[in-house]
Amino acid sequence: MMASKFSYWGNNLYTGKKSYNVVGKRKNFFMVALVAVAIAVLILGVKGLNFGIEFRGGSQFTVTNVDTSSQQVAIDAVNTIIPDEQPRVSTVGSSAIRIQTNVLEPEELIAVRRALMDTYSVTEDDVASASVGPSWGKDVSSKALTGLFVFLVLVMIVMSLYFRAWRMAAAAILALLHDLVLTVGIYALIGWEVTPATVIGLLTILGYSIYDTVVVFDKVRENTEAITEQHLATYSERANLAVNQTLVRSINTSVVALLPVGSILFIGTFILGAGTLRDIALSLFIGMAVGTYSSIFLATPLEVALRLREPVIAQHTKEVLGERAARKAIAEGTAVDANAVVASSTGTIVSGGHLGNRTVPKRKKK
Amino acid sequence: MATTNTKPKTRRARPIIGLFVLILVLFGAIFAGTKWSDASWTPNLALDLEGGTQIILQAVTANDEPVSAEDINQAIEIIRQRVDSSGVAETEITSQGGKNIVVAIPGKPSQETLNLVRESAQMQFRPVLFFGAPQVIPAPTPEATPEQEDTPATPVNSSDPAWITPEVMAEFDALDCTDPAKLTGGGGVADPLLPMVTCQDDGARKFILGPMDVPGSEIKRASSTFDTQRGMWVVNIELKPTGTQVFSEVTKRLVTYTPVEYWNPDARPLEPINMFSMVLDNLVIQAPGVNDAITNGMPQISGNYTNETANVVANQLNFGALPLTFEVQSEETISATLGSEQLQKGMLAGLIGLVLVVIYSLIQYRLLGLVTVASLIVAAALTYGAITLLSWTQGYRLSLPGVAGVILAVGITADSFIVYFERIRDELREGRNLEGAVTVGWDRAKRTIIASDTVNFLAAIVLYFLAVGGVRGFAFTLGLTTLIDLVIVFFFTHPIMTILAKTKFFAEGHKWSGFDPEGLGLDRTRYVGRGRISGAGEPATKTANGASGKRLTIAERKAAQEEQNLTAGLLNENPINSKDGDR
C-alpha cells in the first residue's frame, strides 16, 4: 500500500535510519537559493510585471450575457469611438468579456458603453464600467509595503520571544524574503496581470511561509534542547534530524494546503477566466509551494549557519567532532565498522546496528 | 484498566458538548434574529458578489496638508448625510487606510446619487439676513414686499437686507426644509459673492444668508471645552491672522444690529440681525448671535451643548478648516450576474478542494482521516454561523476575496490536525501506547499549533488594519478562521482523539486505524525503555506507562498487570501471559 510505504519512509526519517543531509549540504542549498533569487530578479528586470489597470490607471468594461466570445468584435466597437485605442480583451466567466482601455473621459466612457451595448445587442444593465485612477494602485503598493514592514517587525518580536533566539527569527525572515522574491519572479514569468488580488495573495504568503517555518523550528528547538549537555551529536546534526522528522508533516500539510488553492486556481483559470479568484490563487499557489520548499531546505540551514556563529554552539560542535574522531580512530583500530559508530547526518545512533559476530575472530578453514 | 487515568466519560466529552452548545447558541441567535429582527440565514454579500457601484474617493487638500482621521470621519458623515437623505438604502461608507473613503452603493445608483458622493464640501461663514420656519410659505401677499421693489439699492455690506431681492425671497418661500431631499447638502460650492437660501442641517429652520465673510479655511482650529465659570460646554474657535482681522470687522458691524430676540421678520423695512451662520456643505450647522465684537480672533460659541454636541460642532469646524476635495480614484460598477457566477464557481472550487483534502487525509491517515473530516465539518458550521451572525450584527459583508480566504482556511485548518496526528505517530514510534501518545503528543502539538496560529493571526491583523481594496474582507475571514481553527483543535479534535484512544480499534492499531504499528515501523522486537521489550507488530503495552505517559506506582502497575492477565490474548510478549496466550 502506498500510504503505508509513505509512513514507513516517514518512520525511517523519524528514527534517523534514513536521512537526507539537508543541513550538512547547506552551502549547496544556499547556492540554489541565490541562483533562484538572481534569476527571479533578472526576470523582473527583463520581462517585468504586467500591471493591471488598478496600477496603470484605465477604464474597464464588462459585458455580460454575450453570445460570442470573439475579441475582435469588442476591439472594433471601441475603435469606432476612439480610433487609435488598443483595448485589451479577456474572457470572464462563461458568458462575459472584459475590455480594458486607457483612461477615458466620462463622455467617451458613455459612448463606448453604448457602442458595446449595440455591438453585443445587450441591455444597459449588462454593460458595467469602471475607471481607476493611477494613484490608486500606488496607494495599494505603498500600503502593502508598510504592511510587509510592520508584519516583519512583529514576527521578529513574536518569534524571538517564542524561540528565545533572535537568530531563528532572522532565519525565518530571510527565508520569507526569498519566498516573496521567487513568487513575484515566477508570477512575472507566467505573465498574468498584477491586480490587488495578487497583492492579497502575496501578503498571505507572509503568514503561510512563517507558519510553515515555525512548525519546523519548533522541532529544531525540541531536538536541540540542552544540546550542550551531551557529546553525541552536534547542533547541525540535531537540526538536520528535525528537518527529516518534520519532512512527512511538511509534505502532508503543503499538499493539504495546496489542494484547495489548486482547485481555485483550476476553476479560476479554466472556467472563470480573468478575475479575483484566479489571481489570488496563482500567487498563493506559487508562494505556498516555494514556502514549503524554503521551510525545509533554506530556513533550517540558514538558522544553523547563524547559530554556529554563537561561541557556545561553535565550541560544542568542535568538542563533539573531536570526540567522534577519537572514537572512530579507536573503532578502526579494533576492526569495528567505523560507520556504525554514528549515523552520518543526524547524529543519532541507529538501532539494530548490532555488530554481532563480526567482532568475533573468524574460524579458520580446515 | 488502571483506574487513575480514566476520567469519567462525561468529563472527557465535556469540551465537545460545550462546542455543540456554542454552535447551537450561534444558530439559535440567528434563528431568533430571522424571527424577530432583520437577520437572514445567509450572510450579506459585498458588492463584487451582489453587484452595484463602488467609488473610492481620495481626500485631497489644497496644499498637501496632512488629513487627520477626524477629518476623514467628518467627510464620511457629510457623504452619509447626502446619501441617506437622497434615500439610497444600505449604502456602505467606510474609510480605508487613513486617506481614502470607499462608498459602496448596491444595485444601480442614479447619476444624481453618484454626483452627490463625488462633490467636495466646504465651509463658509455668512451673515444671516432672514430666517423662518422650515415649511413652504404660501405665495407672498401683494403688499408684503413692494417697499423693497422701490429700493433696488446696491447693498453696502454683506449684512444689508437689500440683498433680499424678490427672487431671493421667492426662493426662500418655496424652500421646504421638512423635505429630507433638501437636506442632502452638496450641490457644489456656493458662490461666495452672492446671497444664498438654505436649510439648517436638521431641517429645523430655513435661512437667507448674505455673501461670505470668512472662508472656513481661515479657521486655525476648533475645540470643545467645559466652561467652568458658566458651567456649560462651549466651542472655542481660533482664527488665522487674516480671518481674525476680517472677523473682527464683521463682529464690530454685527454687534450694532438688532439682537435675534428682538428681531421681527415682519418689520418693514427689514432690520439687519446680529446673527451669523456657519455653513458646511451648503447647510447651516450653527447660527449664533454676536454679543460682542471679537477682535482677538478667538470666538467662542455657547449654546445648549452637551459634551457630545460640542464635540460634533468642533469636528465640523475643524473639517471646515481644511477644505477637502474628493478625487475619484476608482469607480466601478459590477454586474450582479457576474458576481453570482463568481460566487457559485468559487463555492464549487471550495467544495472540490474540500473533497480532495478529505480523500488525501483518508489515504494518509485511514479512518483517522475521518476525524479530520468531522473536524472540518464542525469548523465549516462554525465559520458559516459566525459570518452570518457578524453580517447581521456588525454589517459584515462577504466579498470574493473573503470567499477565497474561507477556501484557503480549509488547508490551514487541516494543517493543524496533521501537525497533531504526526506528533501522535512520533510518540507511538517512541514506544508509547496510544493513550500516552495522544497525551504527550498533544502537549507538544499544542504549542506548535498555538505558535503557528499566532503568526497567521498576526498576519491577518496587520492586513486588516492596513487594509487596501478587498484585502480587508480576506484578512477578516483569515483571522476568523484561524481563531475557529484553534477552537476546533482544542474543543473538538483533541477530545475526540482522547476518546478514540480508548477504543479497541485505534488502541490496538488496527490496519485501518492510521496507527497501524507495521506502518509506523514497529515491526521488530525492540527495547522500549525501563527494562521492557515490545514485540513485533505491537504498540507499546500498558504495562508500565499509564495513559498520561507517566510512570505508575508499583501498586498501579500490579493492578494493571492483573487486569492484563484477565484480558489474556493481547499481550503475547508478556512472559506472564505466555502460557495461556492465544493458540
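In case you missed it, the structure is sitting above this.
Attention in this report is confined to the structure presented alongside it. (Residues numbered from 1 in each chain as written. Chains lettered and ligands numbered in written order. Predicted model: local features only at pLDDT ≥ 70, side-chain atom pairs only at ≥ 80, totals over all residues. Heavy atoms only, no water.)

## Brief notes about the overall build of chain B
Secondary structure assignment for chain B yields 15 helices and 15 strands. Each of the 583 residues in chain B was classed as buried or not, and the buried ones make up 51%. When contacts within chain B are restricted to residue pairs at least 6 apart in sequence, long-range pairs at least 24 apart make up 72% of them. Here chain B displays about 26100 Å² of accessible surface, and carbon together with sulfur accounts for 59% of that area. (Helix = DSSP H or I, 4+ residues; strand = E, 2+ residues; numbered from the N terminus. Buried < 20%, exposed > 50% of the residue type's maximum accessible area, 1.4 Å probe, protein only. Contact = heavy atoms within 4.5 Å. Areas by Shrake-Rupley, 256 points an atom, 1.4 Å probe, with all protein chains shown as cover.)

## Remarks on the packing of helix α9 (residues 336–365) of chain B against helix α11 (residues 400–429) of chain B
Residues and elements named next belong to chain B. The geometry of α9 relative to α11 is characterised by a closest axis approach of 9 Å and an angle of 10° between their N-to-C directions. Between α9 and α11, the interaxial angle falls into the category roughly parallel. Here Gln 342, Leu 343, Gly 346, Gly 350, Leu 354, Val 357, Gln 364 and Tyr 365 of α9 lie close against α11, whose contacting residues are Leu 400, Val 403, Ile 407, Val 410, Ala 414, Ile 418, Phe 421, Glu 422 and Arg 425. Partitioned by chemical class, the residues of the contact of α9 with α11 number eleven nonpolar, four polar and two charged. (Axes fitted to C-alpha atoms, helices over the stretch in contact; angles between N-to-C directions. Parallel < 35°, antiparallel > 145°, perpendicular 65-115°, else oblique. Nonpolar A, V, L, I, M, F, W, Y, C, P; charged D, E, K, R; others polar.)

## A word on the interface of chain A and chain B
Interface size is commonly expressed as the accessible surface area that is lost when the partners come together. Counting from both sides, the interface comprises 72 residues of chain A and, opposite them, 75 residues of chain B. Together, the buried faces of chain A and chain B total about 6500 Å²; carbon and sulfur atoms form 66% of this surface. At the boundary of chain A and chain B, one finds three salt bridges. Our enumeration of links across chain A and chain B arrives at ten residue pairs in polar contact (both at pLDDT 80 or more). At the level of secondary structure, the elements contributing two or more residues to the side of chain A that touches chain B comprise α1 (2–15), β2 (58–64), β5 (127–132), α6 (134–163), α8 (196–223), α10 (247–272) and α11 (276–307) of chain A. Considering every element that reaches the side of chain A that touches chain B, the biggest residue donor is α10 of chain A, with 16 residues. (Buried area = accessible area lost by both parts, 1.4 Å probe. Salt bridge = Lys/Arg side-chain N within 4 Å of Asp/Glu carboxyl O. Polar contact = N/O pair within 3.5 Å; in protein donor to acceptor, adjacent residues only side chain to side chain.)

## Section: the sheet that holds strand β1 (residues 52–61) of chain B
The strand order across the open sheet built from eight strands is β3(A)-β4(A)-β2(A)-β5(A)-β13(B)-β1(B)-β3(B)-β2(B), with neighbouring strands paired in antiparallel fashion. Edge positions in the open sheet fall to β3 (88–92) of chain A together with β2 (92–96) of chain B, since each of these has one partner strand only. Each strand of the sheet is rotated relative to its neighbour by a mean of 20°, with strand direction disregarded. Across the sheet, helix α4 (residues 71–81) of chain A is in contact with β3 and β4 (96–101) of chain A; its angle to β3 of chain A comes to roughly 135°. (Pairing = 2+ DSSP bridges.)

## Comments concerning a nonpolar patch on the surface
A cluster of nonpolar side chains, Phe 266, Phe 270 and Ile 271 of chain A together with Leu 348, Ile 352, Val 355, Leu 356, Ile 359 and Ile 363 of chain B, forms an exposed patch at the surface whose accessible area comes to about 770 Å². Those elements giving two or more residues to the nonpolar patch turn out to be α10 of chain A together with α9 of chain B. In terms of residue count, α9 of chain B provides more of the nonpolar patch than any other element does, six residues in total. Structurally, Leu 348 of chain B is set in helix α9. Here Leu 348 of chain B falls in the partly exposed class, since its relative accessible area comes to 36%. (Patch = residues over 30% accessible without salt bridge, like charges linked within 9 Å, V, L, I, M, F, W, Y side chains within 5 Å.)

## Digging into the sheet that holds strand β8 (residues 219–227) of chain B
Residue and element names in this part refer to chain B. Taken in spatial order, the three strands of this open sheet run β8-β9-β12, and their pairing is antiparallel. Of all strands in the sheet, those with a lone pairing partner are β8 and β12 (300–305), marking the two edges. The mean inter-strand angle of the sheet, taken between neighbouring strand axes irrespective of direction, is 25°. Strand direction decides the pairing type here: β8 and strand β9 (residues 232–239), joined by eight bridges, are antiparallel. In the strand pairing of β9, Arg 221 is matched with Glu 238.

## Some remarks on the pairing of strand β5 (residues 196–199) of chain B
Both faces of the sheet carry side chains from a regular strand, because those side chains alternate between them. Residue and element names in this part refer to chain B. The side-chain alternation of β5 yields two buried faces, one formed by Met 196 and Thr 198 and the other by Val 197 and Cys 199. Here β5 runs beside strand β6 (residues 206–209); their pairing, made up of four bridges, is antiparallel. In the strand pairing of β6, Val 197 is matched with Ile 208. Counted along the chain from β5 to the antiparallel partner β6, the turn is six residues long, and its residue Gly 203 has a positive phi close to 75°.

## Considering α4 of chain A
Along an α-helix, residues three or four positions apart point the same way, because every turn accommodates 3.6 residues. Residues and elements named next belong to chain A. Buried residues of α4: Ala 74, Ala 77 and Val 78, and no others. Down the axis of α4, the buried set is contained in an arc of 95°. They therefore lie on one face. At its buried positions, α4 is contacted by β3, β4 and α5 (106–120). (Arc of directions from axis to C-beta.)

## Brief notes about helix α7 (residues 166–190) of chain A
Residue and element names in this part refer to chain A. Between its terminal C-alpha atoms α7 stretches 36 Å, which fits the 36 Å expected from 25 residues at 1.5 Å a residue. With 18 of its 25 residues buried, α7 lies for the most part within the structure. Backbone geometry just after α7 places Gly 191 at a positive phi near 85°. (Expected span 1.5 Å × (residues − 1).)

## Let's talk about the state of the cysteines
Residues and elements named next belong to chain B. Within this structure, the stated rule accounts for one disulfide over all chains. What pairs with Cys 177 in a disulfide is Cys 199, and their sulfur atoms sit 1.8 Å apart. In this structure, the disulfide formed by Cys 177 and Cys 199 twists by about -90° around the S-S bond and is classed as left-handed. Here the residue Cys 177 occupies a position in the loop between α6 (166–174) and β5, and Cys 199 occupies one in strand β5, the gap between them amounting to 22 residues. Per residue, the accessibility class of Cys 177 equals that of Cys 199, and both read buried. (Disulfide = S-S within 2.5 Å.)

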